[in-house]
Amino acid sequence: MQELKAARTDCTKFTATSKRGWVFRFAVEPLPPVSAGDDSVAYILTNTQAPGGKGNSITVVRTGGTLASYLLTGRPRTVSVSVADKQHEILQRASE
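Residues numbered from 1 in each chain as written. Predicted model: local features only at pLDDT ≥ 70, side-chain atom pairs only at ≥ 80, totals over all residues. Heavy atoms only, no water.

A few points about the environment of Ser 80
Using the following cut-off: Every helix listed is a DSSP run of H or I at least four residues long, and every strand listed is a run of E at least two residues long, numbered separately from the N terminus. Any residue under 20% of the maximum accessible area for its type is buried, any over 50% is exposed, and the rest in between are partly exposed; the area is computed with a 1.4 Å probe on protein chains only. Throughout this description, a polar contact denotes any pair of N or O atoms lying within 3.5 Å of each other; where both atoms belong to protein, one of them has to be capable of donating a hydrogen while the other can accept it, and for residues adjacent in sequence the pair is counted only when both atoms sit in side chains.
Residue position: Ser 80 is located in the loop between strand S5 (66-73) and helix H2 (81-94). Note on Ser 80: relative accessible area 35%, which makes it partly exposed. Remark: the alpha-carbon pair of Ser 80 and Asn 56, spanning 24 residues in sequence, is separated by 15 Å. A distance of 2.9 Å separates the side chain of Ser 80 from the side chain of Ser 82, its partner in a polar contact.

Now the structure itself:
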């Protein structure tokens, strides 16, 4: 999680190339973390070439050694705390 938090802070853009050779440019903007799980990080990932500049909000929540990732489209926001808390409880029970 520390590396992901550092990358979210330090990396504001990157370029990715598909197997077919298409080049995509992305912008990264931090979002506030959610108060769920053992730790969390959230950010907006936007394809800078997409019409309208629409992005995806990504929230990662850690439960012990397991990461749950939530992808939301539309307006920038983190996953609802009630959803993340429920998944956190399920993962805790599964590790017992």
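As for the pairing of strand S4 (residues 55-63)
This is how the line gets drawn: Only when DSSP finds a minimum of two bridges between them are two strands counted as paired.
By the criterion of burial, S4 is predominantly enclosed, with 7 of the 9 residues buried. Sheet analysis places strand S3 (residues 39-47) next to S4, joined by 8 bridges and oriented antiparallel. The partner of Tyr 43 across the bridge, within S4, is Ile 58. Both S4 and S5 contribute to a ladder of 8 bridges, which runs antiparallel.

Let's talk about the side chain of Thr 59
Quick reminder of the rule: Every residue pair with non-hydrogen atoms within 4.5 Å of one another is taken to be in contact.
Here Thr 59 shows up in strand S4. Look at Thr 59 and you get buried, because its relative accessible area is 0%. Here Val 79 takes part through its backbone nitrogen, which lies 3.3 Å from a polar atom of the side chain of Thr 59. Setting aside its immediate chain neighbours within four residues, Thr 59 contacts Val 34, Val 41, Ala 42, Ala 68, Ser 69, Tyr 70, Thr 78 and Val 79.

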